[in-house]
Amino acid sequence: MRERRNYLILIGFIAAALVGVALLAVPGSPAHKKATLGLDLQGGLEVVLKAVPPKNHKLTAEDLDRSVDIMRKRVDKLGVSEPEIRKQGTNEIVIELAGVRDAGTAAKIIGTTAQLEFYDLEGDLTGPSINSNGIPVAKGSLFGLLSDPSTAALRDAKGETDEWYLFGPKHNLRAGPEQSKEDLLKTEVVKKMGGRVPKDWMVLHAPPNTVVVSCDASQGNCITAQQVGAKTYWYLLKHSTDAANPIPEMTGDQLKLAGTRADFDQNGQPIVTMQFTNKGKKIFHEITRREANRGERRALGQRDQTAIQNFAQHFAIVLDRQIQSAPYIDYVQNPDGIPGDNGAQIQLGQSGTIKEAKQLALILQTGALPVRFETAERSDVSATLGKDSLRQAERAALVGLLIVALFLLLLYRFLGLVAVIGLAIYAAFLYAAILLFNVTLTLPGFAGMILTIGVAADANVVIFERIKEEVRAGKSVRAAISAGYGKGFHTILDANVVTAITALVLFAVATAGVKGFALMLLIGTVMSLVTAVAATRAMLGLLAGFRWFNNARFMGAQGEQSAKWLQVDFMRRRYLWFAIAGGVILISAVSLGVRGLNLGIDFKGGTQISFKTGAPHTIGEVREVAAANGKKDAVIQGRGKNKGQERFQEFQLRTKALTGPQLTRFGDDLQSRLGATSIGKTTVSSSFGRQIAKSAIIAILFSLFLIVLYIAIRFDFKFAGPVIVALIHDIVITVGVYSLSGREVSSATVAAVLTVLGYSIYDTIIIFDRIRENIPIMRRSSFATIANVSLWETIRRSLATTFITLLPVGSLLLFGGETLKDFALALLVGIASGAYSSIFIAAPLLTVWKEREPEYARRKDETVGKRGGEEALEAATEAAAAEPTPQLAAVATLDGGSAAAQAKRERRRQRRRSRPHGRAR
């Protein structure tokens, strides 16, 4: 009765959670949230940044590559999943962001140079910015600073400047800073005036060997002898590249990026803490010692608090030529300066927020961009898949799920109905998690979802097969349910832990689309564990109390499990399986070595064509033209304003590099069929950069190390080797199929390979878990017999799960459209390969290794290797008779005759044990 009450409470919690999911999903409810779709599903914001290198510095490809890596890190840490970042032309970087609420802030952070400098403020101020008493004087306007007579006097010094400004008739800044007067005259402001500066306008520049630095008055960092009520103040500081006496004295190069983070000070105000390198510590100590000595000399022996505030010198922390913090050095408390061991901190002032502190820390953590960037263009872009592809994907997913539900109902009858309800609960909880965690859904994310659907269904299959085994062994339905969940839980837990390890490492280390896949896989794995262990358990636990439910036929467990094809002696033919796998791997390896891979624009870059049309068109119509020119895999986006029903008049199309004749023919086709005009061509780099590939590989290798460690602890170290071999087998074959077929490899292919990785691990662990369970039970059997019996017990589950997972994938291949077929093919090949490797590679390889152990070498059953599966079944029957267990008794019945009689005796023993007052004999 108490158990029944617990199930009712659990069902109540699940029902309440489903109500919460409904509130999140139903439009109009107070808690309603919309799912954030990625660029490939909904489009987003595109920002084109143009590199502006310093004067006398030639922009290099390395500058752009490093900038792309830094920008990608910044975007990832902003919480924006699945960014599209690529080089365009020779001096531009294109960033496409999905799910960005504050586009201005994101674009500002991405393009911030992050040039961090540390100045001895009073020692480095010059011209009008410091008076005769050595006290800073801040100007309330930039024009006032540059037009001051003392600034004009400094302009006569030798040297050049790279800070040129243009001021309007009211002395307001209209352009700059630019690196030269020529660059200033090329700005948009001057171009609109015919390329000439009006007479009442003025061009001013900073003196040689100086820089202009500003400060925000609201932050309290403006040190000045006079206040003019301005919002922004301006200083003129010395600047020297002399290695012996550099100004600024320190830069961000002396900063430990890992030690930089947002925090709160002792008064609860937001700050950014910084840690210095060993060289930076020495320089910081020297600067602050110099400032402490200078402050004490100017104080003339005065040591009270008022004197300290009046005469103490300041250490200025400047980011991108704006003072972020200017703490003073207390010459009484720190007469010898401040050691740099504890670093420094940037105070944001009372008006600062922790969000601003995190953004500043983010910029410092990712390091400085090698060159400055300015926003050249900003526009909205449509989804890359297009509305037609989205409809096809939705239809494919729906058809696949319906087929999965029908298969479960046919295979497990009433248990199948419970499984379908459990999958529905899983889908609801997964959708709620996507909304609550603000996951950006993209195609790689859907790959993770497809895998977790198979995992969620498999958890039910594992338990239901266990229940049917227990029923066939003679237990009541209620007792079988309890035993099935009890034994199946450990199997499911091990498989899910290994899958979660892979997902966690990928999410922690990888970037971009790989991170999106990992997050979906992790969420789905946790949700599937909850629904399989909690939701379906509670439903079956409540139903088990009814008399009508206690019927083996009702759940398809009646009679004996007779299937002659399950009597295959897998271990006897292990070298045949190895030869088949080796042959396929050899073919794949040769193809990879000779033909290589057909890498798409995600990896190699290509040509971008932009054009306009007189009348609005859909992406599908543009794709038809691309397909007619042999570019059916082109990435197509609409730009600018949506004219309704996903129709645009501006498009950009990215495809593999086009030759001159190809481009001409393509352009002519666009003109004749769509009325395209203003056709432009640009060379674009890969969006799946080396950093992403490198991080993904590191993540996979590290996750494999953790998996080996987990398997060694939970199973045996020798169990880990076959798991890794099976993974390598699956990945090589999946990639080899791409090489043999010549299909294009894209970022979606990477997601598919990662899906294969997760699936193969999961399937192998299920089989190994049964082997581990049977080892202590079958104490007299050879390892080959143990492995055979374990495979016979789990092969129905393995095949059912593979089929369940392949159903939505096959639906995606048939109904998903051209943009999804390559992706679906990789999943299809990989999942089929994963099923093969789990049964025919991992288990036989484990047998080969374990049979070398003295214990198994002594009791090796020669008849299994010589005379086939019938003797193996007899050995299993003998083991069942000697050590009766439900699963072995069930397997033993496969050969009929004496085994059937043995199973009947076993069931009678089990029934006596299950009676309330019975006693086992």
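What you see is a predicted model, and the numbers here were worked out from it, not measured in a lab. (Residues numbered from 1 in each chain as written. Predicted model: local features only at pLDDT ≥ 70, side-chain atom pairs only at ≥ 80, totals over all residues. Heavy atoms only, no water.)

*Asks:* Just checking my understanding: could you explain the overall build of the protein chain for this structure?
*Replies:* Secondary structure summary: the protein chain contains 31 helices and 25 strands in total. Counting across all 921 residues of the protein chain, residues that qualify as buried make up 54%. Nonlocal contacts in the protein chain, meaning residues at least 24 apart in sequence, comprise 76% of its contacts between residues at least 6 apart. Of the accessible surface of the protein chain, which amounts to about 40,100 Å², a share of 56% is contributed by carbon and sulfur atoms. (Helix = DSSP H or I, 4+ residues; strand = E, 2+ residues; numbered from the N terminus. Buried < 20%, exposed > 50% of the residue type's maximum accessible area, 1.4 Å probe, protein only. Contact = heavy atoms within 4.5 Å. Areas by Shrake-Rupley, 256 points an atom, 1.4 Å probe, with all protein chains shown as cover.)

*Asks:* How should I be thinking about the packing of aromatic side chains in this particular structure?
*Replies:* The way to describe two aromatic rings as a pair is by their centre distance and the angle between their planes. Inspection of every chain in the model, using the stated rule, returns 17 aromatic pairs. Pairing F715 with F719 gives two aromatic rings, centres 5.6 Å apart and planes at 35°, and the pair type is tilted. By the ring-pair criterion, three or more aromatic residues cluster together here, those being F118, F276, F284 and F315. Its guanidinium or amino end placed over the ring of F715, R772 lies 4.2 Å from that ring's centre, counting from NZ or CZ. (Phe/Tyr/Trp six-rings, centres within 6.5 Å; stacked < 30°, edge-to-face > 60°. Lys NZ or Arg CZ within 6 Å of the ring centre and 35° of its normal.)

*Asks:* When you look at the pattern of salt bridges in this model, what are you seeing that I'm missing?
*Replies:* Note that side chains of opposite charge can pair when their charged atoms are close. Considering all chains together, one arrives at 18 salt bridges under this definition. Across the pair K475 and E470 runs a salt bridge whose closest N-O atoms are separated by 3.4 Å. For the pair formed by K475 and E470, the shared burial category is buried. Between K718 and E853 there is a salt bridge, with the nearest N and O atoms lying 3.3 Å from each other. With K718 in helix α23 (residues 717-741) and E853 in the loop between α26 (818-850) and α27 (854-858), this residue pair connects regions lying 135 residues apart in the sequence. Among the residues examined, K718 registers a relative accessible area of 29% and is labelled partly exposed. The exposure class assigned to E853 is buried, which follows from its relative accessible area of 16%. Connected through salt bridges with shared partners, the residues D120, E249, R290 and R294 form a single ionic network. (Salt bridge = Lys/Arg side-chain N within 4 Å of Asp/Glu carboxyl O.)

*Asks:* I keep staring at unusual backbone geometry and nothing clicks. Help me out?
*Replies:* Backbone phi values are negative for most residues with the exception of glycine, while trans is the configuration of most peptide bonds. In this structure, P177 follows G176 across a cis peptide bond, with omega equal to 5°. Its location among the elements puts P177 in strand β7 (residues 173-178). In this model, I247 is joined to P248 through a cis peptide bond whose omega is 5°. For P248, the location among the structural elements is in the loop between β10 (232-238) and β11 (250-251).

*Asks:* In this structure, what is going on with the packing of helix α18 (residues 574-594) against α23? I would like to understand it.
*Replies:* Helix packing for two helices is described by the angle between their axes and how far apart those axes are. As a packed pair, α18 and α23 sit with axes 8 Å apart at the nearest point and diverge in direction by 50°. One way to sum up the angle between α18 and α23 is to call them oblique. Between α18 and α23 lies a crossing whose hand is left-handed. For the pair formed by α18 and α23, the contact residues are A581, V584, I585, I587, S588, S591 and L592 on the first element and H729, V732, I733, V735, G736, S739 and L740 on the second. In terms of residue class, the contact of α18 with α23 is built from 9 nonpolar, 5 polar and no charged. (Axes fitted to C-alpha atoms, helices over the stretch in contact; angles between N-to-C directions. Parallel < 35°, antiparallel > 145°, perpendicular 65-115°, else oblique. Left-handed = near helix turned anticlockwise from the far one by under 90°. Nonpolar A, V, L, I, M, F, W, Y, C, P; charged D, E, K, R; others polar.)

*Asks:* Would you take a moment to explain the nonpolar core for this structure?
*Replies:* Ranked by size, the top nonpolar core spans 101 residues in total, and within it F464, I467, L540, F570, F768 and I771 carry the most contacts. Counting residues per element, this core draws most heavily on helix α14 (residues 414-436), at 13 residues. Filtering out sequence-adjacent residues up to four positions away, F464 remains in contact with Y412, L415, V418, A419, Y485 and L540. (Core = buried A, V, L, I, M, F, W, Y, C linked by side-chain atoms within 4.5 Å.)

*Asks:* Hey, could you run me through the sheet that holds β7 in this one?
*Replies:* In sheet architecture, strand pairing relies on hydrogen bonds along the backbone and comes in two forms, parallel and antiparallel. Read across the open sheet, the 3 strands follow the order β7-β6-β8; overall the sheet is antiparallel. Each edge of the open sheet carries a strand with a single partner, namely β7 and β8 (202-205). Across the sheet, the axes of successive neighbouring strands diverge by a mean angle of 15°, strand direction being ignored. Bridging between strand β6 (residues 164-167) and β7 involves 3 bridges; their strand directions are antiparallel. By the bridge assignment for β7, L166 is matched with A175. (Pairing = 2+ DSSP bridges.)

*Asks:* Honestly, the state of the cysteines in this entry has me stumped. Any pointers?
*Replies:* What we call a disulfide is simply a covalent bond connecting the sulfur atoms of a pair of cysteines. Following the criterion strictly, the structure yields 1 disulfide and no others. Here C215 is linked by a disulfide to C222, with a sulfur-sulfur distance of 2.0 Å. Residues C215 and C222 share a disulfide whose torsion about the S-S bond is about 130°; that sign makes it right-handed. Both residues of the pair, C215 and C222, belong to the buried class. (Disulfide = S-S within 2.5 Å.)

*Asks:* Looking at this structure, I do not really get the packing of helix α20 (residues 619-628) against helix α21 (residues 660-674). What am I missing?
*Replies:* Remark: α20 packs on α21, axes separated minimally by 10 Å, with the N-to-C direction vectors making an angle of 140°. The angle between the axes of α20 and α21 places the two elements in the oblique class. The interaxial crossing formed by α20 with α21 has right-handed handedness. Where α20 approaches α21, its residues E621, V622, E624, V625, A626 and A628 are matched on the opposing element by F666, D669, L670, R673 and L674.

*Asks:* When you look at the side chain of E249 in this model, what are you seeing that I'm missing?
*Replies:* For E249, the location among the structural elements is in the loop between β10 and β11. The exposure class assigned to E249 is buried, which follows from its relative accessible area of 14%. Of note is the side chain of E249, whose polar atom sits 3.3 Å from the backbone nitrogen of D120. Look past the residues within four positions of E249 in its chain and what remains in contact with it is F118, Y119, D120, D124, I283, I287 and R290. (Polar contact = N/O pair within 3.5 Å; in protein donor to acceptor, adjacent residues only side chain to side chain.)

*Asks:* I keep staring at the pairing of strand β23 (residues 647-655) and nothing clicks. Help me out?
*Replies:* Within a regular beta strand, the side chains point alternately toward one face of the sheet and then the other, so they alternate between its two faces. Note: strand β21 (residues 606-618) against β23, 8 bridges, orientation antiparallel. By the bridge assignment for β23, Q608 is matched with R654. Sheet analysis places strand β22 (residues 635-639) next to β23, joined by 5 bridges and oriented antiparallel. By the bridge assignment for β23, G638 is matched with F651.

*Asks:* I keep staring at the pairing of β22 and nothing clicks. Help me out?
*Replies:* Among the 5 residues in β22, 5 count as buried, and that is most of the element. Alternating residues of β22 divide into V635, Q637 and R639 and I636 and G638, and every residue in both groups is buried.

*Asks:* Can you help me understand the side chain of T785 in this one?
*Replies:* Within the secondary structure layout, T785 lies in helix α25 (residues 783-815). For T785, a relative accessible area of 1% gives the class buried. Among the polar contacts made by the side chain of T785, one reaches the side chain of S782 at a distance of 3.0 Å.

*Asks:* How should the confidence of the model for the protein chain be read in this particular structure?
*Replies:* Low pLDDT marks stretches whose predicted atomic positions should not be read closely. For the protein chain, per-residue confidence averages 77 on the pLDDT scale, and residues scoring 70 or more make up 81% of the total. Contacts of residues 877-907 to residues separated by more than four positions or lying in other chains number 66 contacts, the stretch itself having pLDDT below 50. Here residues 916-921 scores under 50 on pLDDT; set against residues more than four positions off or in separate chains, the count is 3 contacts. (pLDDT = per-residue confidence, 0-100.)

*Asks:* Looking at this structure, how should I read α21?
*Replies:* Residues three or four positions apart in an α-helix share a direction because the helix packs 3.6 residues into each turn. With 15 residues, α21 ought to run about 21 Å at 1.5 Å a step, and its terminal C-alpha atoms sit 21 Å apart, in line with that. Within the span of α21, buried status applies to F666, G667, D669, L670 and L674. One face of α21 carries all of its buried residues, which in axial projection span an arc of 160°. Among the exposed residues of α21, those pointing more than 90 degrees away from its buried face are P661, R665 and S672. Following α21 by one or two positions, G675 adopts a phi angle in the positive range, close to 70°. (Expected span 1.5 Å × (residues − 1). Arc of directions from axis to C-beta.)

*Asks:* In this structure, what is going on with α20? I would like to understand it.
*Replies:* Buried within α20 are the following residues: I619, G620, V622, R623, V625 and A626. Just beyond α20, the residue with positive phi is G630, at close to 75°.

*Asks:* Even after reading the chapter, I still don't get the environment of G600, so can you show me in this structure?
*Replies:* Mapped onto the fold, G600 is located in the loop between β20 (598-599) and α19 (601-604). For G600, a relative accessible area of 0% translates into the label buried. Between the C-alpha atoms of G600 and A657, which are 57 residues apart in sequence, the distance is 9.8 Å.

*Asks:* For this particular structure, what's the right way to read the environment of E92?
*Replies:* Take E92: it is sitting in strand β4 (residues 92-97). Sequence spacing of E92 and L64 is 28 residues, and the spatial spacing of their C-alpha atoms is 8.0 Å. If we ignore the near neighbours within four places in the chain, the residues touching E92 are V48, L49, K50, R86, K87 and A376.

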